[in-house]
Amino acid sequence: MTATPRSRRLRTLAAALVTTAALSLTACQTGTADATGVVDSTQPPAPGTESTEKQSPATGTDSDTSGASSDSGESKGSGSSGNSGSSGKEATQVADRKTAKKTTSCTAKGTKVTVTDAPRPINHLLIKATNTSDTTCHLYYAPYLRFDQAQSAVPFIEESKPQAVVTLEPGESGYAGVLTSTPDGSHPYDATSLTLYYAARSGQGSTGAPSHPALPFDSVRIDSSNAVTYWQTSAADALMW
C-alpha cells in the first residue's frame, strides 16, 4: 500500500511527538537528580556528620577543661603539698625540739670532781670533773677555787682560755690545771681544803652547788702565785701553764 502525503505527515508528527516525550522524560529525570543534589546540599548534615562536627569542639573544650582542671589540681596539689610540707617541717621542728638533747651547766649535782698531784710541771694540781649524770653539761670559763677560807677566788690564767666551751657528754671529763706556788711567790700557807664553784654561763658569779674535792695530801703549799686555768678537754692542755 502506497503511503499518501497525508499519512506520511501523520507518521512524521507522531515520531516527533514520541521523540519530544522521550526528551521531556530524560530532562525530567535529569532535573530531578539536580534538584535532589541541590536539596541535599541545603539539608542539615546526617546525624553521624553532625555528631562528628560537634565532637571536635567538644573535645577541644574537654581538653581545655581538663587542662584547667589539671592546672587547678596541680595548683591545689602544690598548695596542699606545700602546706603538707610546711606542716611536716613544722612537725619535724617541734619533734626536734622535743627530742633535742637537754643541756645544762655542770654543777656538783651530776659531776664528780677529783684533784691529783701533777708530777710535771712541779707545784701543779690537776682537777678532773666527770659528768656522772645522763644529761650533757657545760663547763663554763674556769673553776672558781677557794683554798680553806680564802677571801677571794684563785685568779684565772687568761692565756689558757680555749676557743670553745668545754661540753661534757655523760661519762666525759673536763680538766683544769692549778699552779699552787713558785719560788718567787709571797705569803705562803698550807691549805687543807678546797671548794670548787662552777662558773655561770653569763660569766657573772657561780651557778649551782659547789664541789668539795679532797686534796691529794694532808695539805698543799699555796702562795701569791696561785692560779688556775680555764676548763680544758684534756689533761695535757690543762697542765701546759
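Calculation rules
- Residues numbered from 1 in each chain as written.
- Predicted model: local features only at pLDDT ≥ 70, side-chain atom pairs only at ≥ 80, totals over all residues.
- Heavy atoms only, no water.
- Helix = DSSP H or I, 4+ residues; strand = E, 2+ residues; numbered from the N terminus.
- Buried < 20%, exposed > 50% of the residue type's maximum accessible area, 1.4 Å probe, protein only.
- Contact = heavy atoms within 4.5 Å.
- Areas by Shrake-Rupley, 256 points an atom, 1.4 Å probe, with all protein chains shown as cover.
- Pairing = 2+ DSSP bridges.
- Axes fitted to C-alpha atoms, helices over the stretch in contact; angles between N-to-C directions.
- pLDDT = per-residue confidence, 0-100.
- Phe/Tyr/Trp six-rings, centres within 6.5 Å; stacked < 30°, edge-to-face > 60°.
- Polar contact = N/O pair within 3.5 Å; in protein donor to acceptor, adjacent residues only side chain to side chain.
- Core = buried A, V, L, I, M, F, W, Y, C linked by side-chain atoms within 4.5 Å.

Here we look at the overall build of the protein chain
- Counting secondary structure elements, the protein chain contains three helices and 12 strands.
- Within the protein chain, the fraction of its 241 residues that count as buried is 25%.
- Taking all contacts inside the protein chain whose residues are at least 6 apart in sequence as the whole, residues at least 24 apart take part in 77%.
- Accessible surface, the protein chain: about 15600 Å² in total, of which carbon and sulfur atoms supply 55%.

Considerations on the sheet that holds strand E2 (residues 111-118)
- Pairing is antiparallel in the open sheet, where four strands are placed in the order E2-E3-E7-E12. Only two strands of the sheet have a single neighbouring strand rather than two, namely E2 and strand E12 (227-228).
- Two strands pair when backbone bridges link them, and strand E7 (residues 173-179) and E12 are joined in this way by two bridges, in the antiparallel orientation. Residue Val178 lies in a different strand from E12, and its bridge partner there is Val228.

Brief notes about the sheet that holds strand E5 (residues 144-147)
- Overall, antiparallel pairing links the three strands, which are arranged E5-E9-E10 in an open sheet. Unpaired on one side and paired on the other, E5 and strand E10 (206-211) mark the two borders of the sheet. Mean inter-strand twist for the sheet, computed between neighbouring axes without regard to direction, equals 20 degrees.
- Bridge analysis of strand E9 (residues 194-199) against E10 gives three bridges, and the strand direction is antiparallel. Looking across to E10, one finds that Ala199 is bridged to Ser206.

Remarks on the confidence of the model for the protein chain
- Looking at the protein chain as a whole, the pLDDT averages 75, with 59% of positions reaching at least 70.
- Segment residues 20-82 is flagged for pLDDT under 50; beyond a separation of four residues in sequence, or across chains, it makes six contacts in the model.

What about unusual backbone geometry?
- Note the cis peptide between Arg120 and Pro121, where omega equals -15 degrees.
- For Asp148, which is not glycine, the phi dihedral falls at a positive 55 degrees.
- Relative accessible area serves as the criterion here: at 23%, Asp148 is assigned to the partly exposed category.
- Although it is not a glycine, His187 adopts a positive phi angle of roughly 55 degrees.

Observations regarding the environment of Ala199
- Residue position: Ala199 is located in strand E9.
- Along the chain, Ala199 and Ala142 lie 57 residues apart, while their C-alpha atoms are 6.6 Å from each other.
- The contact partners of Ala199, leaving out residues within four places of it in the chain, are Tyr140, Tyr141, Ala142, Tyr144, Gly205, Ser206 and Thr207.

Points about the packing of aromatic side chains
- In the structure shown here, the tally under the stated rule is two aromatic pairs.
- Seen from their ring centres, Tyr144 and Phe156 are 5.4 Å apart, and the 40 degrees between their planes marks the pair as tilted. Of this pair, Tyr144 sits in strand E5 while Phe156 is found in the loop between E5 and strand E6 (166-168), placing the two residues 12 residues apart along the sequence.
- Overall, the relative accessible area of 23% leaves Phe156 in the partly exposed class.

With respect to the side chain of Ser173
- Mapped onto the fold, Ser173 is located in strand E7.
- At a separation of 2.7 Å, a polar atom in the side chain of Ser173 contacts the side chain of Thr130.
- Residues within four places of Ser173 in sequence aside, it is in contact with Lys128, Ala129, Thr130, Leu168 and Thr233.

Let's talk about the nonpolar core
- Counting residues in hydrophobic clusters, the biggest one holds 24 residues, and the most contacted among them are Ile127, Leu139, Leu145, Phe147, Val178, Leu196 and Trp231.
- At the level of elements, E2, strand E3 (124-131), strand E4 (136-139), E5, E6, E7, E9 and strand E11 (220-222) are the ones that each hand at least two residues to this core.
- Apart from the residues lying within four places of it in its own chain, the contact partners of Ile127 are Val113, Thr114, Val115, Leu145, Gly174, Tyr175, Ala176, Val178, Leu196 and Trp231.
- By size, the runner-up hydrophobic cluster in this structure holds five residues, among which are Ala118, Leu126, Tyr175 and Ala238.

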